[in-house]
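Residue-level listing of the chains:
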Amino acid sequence: MTHVNPVVDEPQAPVPPPRVSLAKLSRILSLRLLLGITTLLSVSIVIFAAVHFLPGDAAEILVGQNPDEQTIAVLRRELGLDQPPVLRYLYWVGAALQGDFGNSLTSERAISDLIGTRLRNTLYLAFYAALIALPSAFVAAIFSVLKPGGLVDRITNTLSLVFLSSPQFLIAYVLVLFLAVSIPLFPSSADMRPNTEIFRFLYICFLPAVTLSAVSAGYMARMMRAAMLDVLERPFIRMAKLKGVTPNRVVLYHALPNALGSIAAVAALVLAQLILGVVVVETVFVYPGLGQLLVDSVSKRDVTVVQAISLIFACVYILLNLAADLIAILTNPQILYPGND
């Protein structure tokens, strides 16, 4: 009697995605840059309008108590606040395109000099927070997908939801209460000096960096986990499991490399969020960065400084979003061909 072996349809290896030609990539980059410039121009209009409609007047604040109307009028003329808003906006944009943000209304210092050190401090803090958030989210996502639905996965999902749902100022005050007041391990304020040594910086800025990275780490952990779980559902992963590859090797050597593109795009977006999140963190910990300078300038109605800092934040956010789009396209060109599924 002849036995016929049944034919089993084996999962096929993934079809390689189409390549992106240099011409197409250049065209995509040009379109993204044009869209970014248009967005930045629109944001500049919103920034100028929002600052223009702030209650109060910089001239009145500079004069002080019992202001004289004639003195205020002269000061407004000197500051250019008596000109129509449209003319002031065009002059501001034209000067900003040349790298000149003007002078501060309160200190009369050049804004480029005023924000130079502050911008460097903010970038240091954001980089420090990224060094905490990226590895933490990466490790948490890997342990989560090793046993989806397991104890580690549930704990990771719960913690990430807690961090995502908690405002940064609440996380900051909780950390200060437990790690600076109850157990005085770290200072409650980040007193940065121009010549602060690296180890001193890492110590005094630990609480601000952890606060800044908490929400970002939770978001990244969930996105990385989703990206790797999506890869684990593909046919070539099932083929690897049928061949007897261990779960750890499947995740580390098969799922992870194929999810790195999505992970890199998410990391770029999270870095943008880190830059924007410094406003609250720097204010709570009295950190000498752009965020604290922005809050102080709003309280003093120093509109030129507020406009410059807001424009810098918007520019950084748009550039990092552009980087995330390019990373996603380079690592997964199929998103440009939605019909090729």
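Conventions we followed
Residues numbered from 1 in each chain as written. Predicted model: local features only at pLDDT ≥ 70, side-chain atom pairs only at ≥ 80, totals over all residues. Heavy atoms only, no water. Phe/Tyr/Trp six-rings, centres within 6.5 Å; stacked < 30°, edge-to-face > 60°. Helix = DSSP H or I, 4+ residues; strand = E, 2+ residues; numbered from the N terminus. Buried < 20%, exposed > 50% of the residue type's maximum accessible area, 1.4 Å probe, protein only. Polar contact = N/O pair within 3.5 Å; in protein donor to acceptor, adjacent residues only side chain to side chain. Salt bridge = Lys/Arg side-chain N within 4 Å of Asp/Glu carboxyl O. Patch = residues over 30% accessible without salt bridge, like charges linked within 9 Å, V, L, I, M, F, W, Y side chains within 5 Å. Areas by Shrake-Rupley, 256 points an atom, 1.4 Å probe, with all protein chains shown as cover. Expected span 1.5 Å × (residues − 1). Arc of directions from axis to C-beta. Contact = heavy atoms within 4.5 Å.

**Section: the packing of aromatic side chains**
One pass over the full model with this rule turns up seven aromatic pairs. Relative to F201, the ring of Y124 has its centre 6.2 Å away and its plane inclined at 70°; by these criteria the two rings are edge-to-face. With Y124 in helix α5 (residues 111-146) and F201 in helix α8 (residues 198-204), the pair connects residues that are 77 residues apart, well separated along the chain. Residue class for F201 comes out buried when judged on its relative accessible area of 8%. On the numbers, 5.8 Å between centres and 45° between planes, the contact of Y128 with F201 is tilted. Here the residue Y128 occupies a position in helix α5, and F201 occupies one in helix α8, the gap between them amounting to 73 residues. Connected via pairs of aromatic rings, a cluster forms that spans F48, Y89 and W92.

**A look at the side chain of N121**
In this structure, N121 sits in helix α5. Here P288 takes part through its backbone oxygen, which lies 2.9 Å from a polar atom of the side chain of N121.

**Description of the pattern of salt bridges**
In this structure the tally under the stated criterion is two salt bridges. Here D153 ties to R225 by a salt bridge, and the two come within 2.8 Å at their closest N and O atoms. Of this pair, D153 sits in helix α6 (residues 151-165) while R225 sits in helix α9 (residues 206-232), and the two are 72 residues apart along the sequence. Given a relative accessible area of 2%, D153 falls into the buried group. Where D230 meets R234, a salt bridge forms, and the shortest distance between an N and an O atom there is 3.4 Å.

**Remarks on a nonpolar patch on the surface**
Nonpolar side chains collect at one region of the surface, where F169, L170, Y173, V174, L177, F178, V181 and V280 lie side by side and expose about 750 Å² of accessible area between them. Sort the elements by how many residues they give to the nonpolar patch and helix α7 (residues 168-182) lands first, with seven residues. If you trace the backbone, L177 turns up in helix α7. Residue class for L177 comes out partly exposed when judged on its relative accessible area of 44%.

**A word on α6**
Relative to the 21 Å expected for 15 residues at 1.5 Å per residue, α6 spans 21 Å between its end C-alpha atoms, a close match to the ideal helical length. Those residues of α6 lying buried are D153, T156, N157 and S160. Projected onto a plane normal to the axis of α6, the buried residues spread over an arc of 95° and lie on a single side. Looking at α6, the residues exposed on the side facing more than 90 degrees away from the buried face are L151 and S165. Among the structural elements, α5 and α9 are those in contact with the buried residues of α6.

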